[in-house]
Amino acid sequence: MSGPKPFEISKEMVWEAYRRVKANRGAAGIDGETIEEYEQNLKGNLHKLWNRMSSGSYFPPPVRMVEIPKPGGRGVRVLGVPTVADRVAQTVVKLYLEPKVEPYFHDDSYGYRPGRSALDAVGCCRWRSKKAAWVIDLDIKAFFDTIPHALVMRALRKHTDSKWILLYVQRWLEAPMQREDGSLVARDRGSPQGSAISPLLANLFMHYAFDAWMQRESPRVWFERYCDDVVVHAATIKQAEYLKDSIARRLKQCGLEVNEGKTRIVYCRDGQRKGAHAHERFTFLGFEFGARGALNTEGRIVDKFLPAISPQAAKEIRQTVRSWRLHRRSRHTLSDLAQDINAVVRGWVNYYGAFYRSRLAKVLNAINVYLVRWAMQKFKRYRTSKLRAWRFLAAAARREPDLFAHWAAGVKPTGMGSGSRVSREAYARF
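Conventions used here
- Residues numbered from 1 in each chain as written.
- Predicted model: local features only at pLDDT ≥ 70, side-chain atom pairs only at ≥ 80, totals over all residues.
- Heavy atoms only, no water.
- pLDDT = per-residue confidence, 0-100.
- Contact = heavy atoms within 4.5 Å.
- 1 Å grid on protein atoms, 1.4 Å probe; cavity = no way out; pocket = protein on both sides within 12 Å on 5 of 7 lines; lining within 4 Å.
- Points joined across faces, edges and corners; volume = space filled by probe spheres on them.
- Nonpolar A, V, L, I, M, F, W, Y, C, P; charged D, E, K, R; others polar.
- Helix = DSSP H or I, 4+ residues; strand = E, 2+ residues; numbered from the N terminus.
- Expected span 1.5 Å × (residues − 1).
- Buried < 20%, exposed > 50% of the residue type's maximum accessible area, 1.4 Å probe, protein only.
- Arc of directions from axis to C-beta.
- Pairing = 2+ DSSP bridges.
- Axes fitted to C-alpha atoms, helices over the stretch in contact; angles between N-to-C directions.
- Phe/Tyr/Trp six-rings, centres within 6.5 Å; stacked < 30°, edge-to-face > 60°.
- Lys NZ or Arg CZ within 6 Å of the ring centre and 35° of its normal.
- Disulfide = S-S within 2.5 Å.
- Salt bridge = Lys/Arg side-chain N within 4 Å of Asp/Glu carboxyl O.

S.K.: I'd like to hear about the confidence of the model for the chain, residue by residue, with values.
M.R.: Residues of the chain with pLDDT of at least 70 account for 94%, and the chain-wide mean is 92. Within the model, pLDDT remains below 50 along residues 419–430, and this stretch shows 28 contacts once partners closer than five positions in the same chain are excluded.

Rendered as structure tokens:
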């Protein structure tokens, strides 16, 4: 096509969108095309996409449906995987739209926003839990599957009158999902998890459905929201019960449903708040909040209401470590093993080690246990003596203390056998 296009979309923005999609990688969509295959004719593919988007003739293909089992056998989470080209197109719209809506978002909204992270939300929740004795742990049922399209578009029109943005967002919302057997599932609500534009649309919808409403109706009430994961603070149980009911009514007005079985009021019990309640712990973004021993300003151990890696997150880490089968890799060296696992372990340390790190140290010591088993398989002289294998690993940690990411974080083998668990040095450094 030649001549002026109905919509002004810069080629530079399409190129930047491709760069971000490439950096995020991701699985192939219904066409089976990977990012590497898309790059074989990169210039032609990007030009074709720009041409179609600029002319208004771009129609997104169906989204590949992927079912991910939820932890503990609690059903499945449905993800939608767009094609590579569709991810680039969605990222183009996101790059244009995000600067328009970002300044309006609430300060207590943390999910998928530039310059904000899940750890920021957990840290804020930790501080506020010290000040307010009660928490509403809010769970929204099937959030991404039930967002009303009409309300999403209504919120979108408040921030842009760009016809091409409105056109393509509407088409993405209505694009069907394709099952593994090839059958199509029509959608009249929801925005699939896994697409590039869904988190931004979800934040925009929740800004009006929850954040702005809370600011208007209960301006003095604290909350932290990470997309659909919400914690609300209250001074008394009476206030918590009122807020829980009023929030449920508000979300119902917006087409959402509170999961009554998972939404609960929690008492933030600690050394000073000594009351009792049916629920005294809650989980937020992979951290379990509850009473834990910690040093006070006088150097005494007292109960404080603090976050630490949740039991479910710890279980998933142990399962991942087990799946590596380090003890079976007897042909590899310690350096080989470190190279294979360090990036993942470093991510665990940086995230779950941000709060109450000694709990994570106990989890990561499982890696040392598998490394001892590796040594017993690799070297005949350690095959019949686990203690000598522990001493071998401890000597290796002294020679190269930063070889493994968890060693660098202080979770080193002590040479005293598996009963030593985590060394005093680990606790000191954590």
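S.K.: Please give an account of empty space enclosed by the protein that cites residues and values.
M.R.: Following the criterion strictly, the structure yields one cavity of 30 Å³ or more and no others. For the largest cavity, the calculated volume is near 90 Å³. The class makeup of the residues in the lining of the largest cavity is seven nonpolar, five polar and two charged.

S.K.: I'd like a description of helix 5 (residues 118–131), backed by residues and values.
M.R.: Between its first and last C-alpha, helix 5 extends 20 Å over 14 residues, near the 20 Å set by a 1.5 Å rise per residue. What helix 5 keeps buried is the set A118, A121, V122, C124, C125, R128 and S129. Each buried residue of helix 5 sits inside an arc of 165° when the element is viewed along its axis, so together they form one side.

S.K.: Report on the sheet that holds strand 11 (residues 301–309), specifying residues and quantitative values.
M.R.: Picture the strands of a sheet paired through backbone hydrogen bonds; they go either parallel or antiparallel. Spatially, 9-10-11 is the arrangement adopted by the three strands of the open sheet, whose pairing is antiparallel. Here the strands that pair on one side only, and so sit at the sheet edges, are strand 9 (282–284) and strand 11. Averaged over all pairs of adjacent strands, the angle between their axes in this sheet comes to 50°, without regard to strand direction. Sheet topology places strand 10 (residues 287–295) next to strand 11; nine bridges connect them, and they run antiparallel. The residue bridging A291 from the neighbouring strand is F305, located in strand 11. Across the sheet, helix 5 lies against strand 9, strand 10 and strand 11, angled at about 55° from strand 10, the strand it touches most.

S.K.: So, the environment of L46: which residues are in play, and what are the values?
M.R.: Mapped onto the elements, L46 comes out in helix 3 (residues 42–55). Judged by its relative accessible area of 8%, L46 is buried. Every residue in contact with L46, bar those within four places of it in the chain, is listed here: V14, W15, Y18, Y38 and V88.

S.K.: Would you mind going over the packing of aromatic side chains in detail, with residue names and values included?
M.R.: Any aromatic ring pair is given by two values, namely how distant the centres are and how the planes are angled relative to each other. For the structure shown, the criterion picks out 22 aromatic pairs. An angle of 65° between the planes, with centres 5.3 Å apart, marks the rings of F379 and F392 as edge-to-face. Here F379, found in the loop between helix 13 (357–378) and helix 14 (386–399), pairs with F392, found in helix 14; they are 13 residues apart in sequence, far enough to count as distant. In this structure an aromatic cluster arises from ring pairing among F287, Y351, Y352 and F355. R116 extends its terminal NZ or CZ atom over the ring of Y110, reaching a point 5.3 Å from the ring centre. Over the aromatic face of F59 sits the side chain of R171, whose NZ or CZ is 3.7 Å from the ring centroid.

S.K.: A description of the state of the cysteines should follow, citing residues and the corresponding values.
M.R.: Counted according to the given criterion, the structure contains zero disulfides. Here C124 is not cross-linked by a disulfide; its sulfur's nearest cysteine counterpart is in C125, at 7.6 Å. Using a relative accessible area of 17% as the deciding quantity, one classes C124 as buried. Here C268 stays unpaired: no disulfide links it, and the sulfur of C125, its closest cysteine neighbor, is 7.7 Å away. C268 gets classed as buried once you look at its relative accessible area, which sits at 0%.

S.K.: Please set out the pattern of salt bridges residue by residue, giving values where relevant.
M.R.: Throughout the structure, instances matching the rule amount to 18 salt bridges. Note that E102 is salt-bridged to R113, the shortest N-O span being 2.6 Å. Placement of the pair is E102 in the loop between helix 4 (84–101) and helix 5 and R113 in the loop between helix 4 and helix 5, with a sequence separation of eleven residues. Note on E102: relative accessible area 18%, which makes it buried. A salt bridge links R128 to D108; the shortest N-O distance between them is 3.2 Å.

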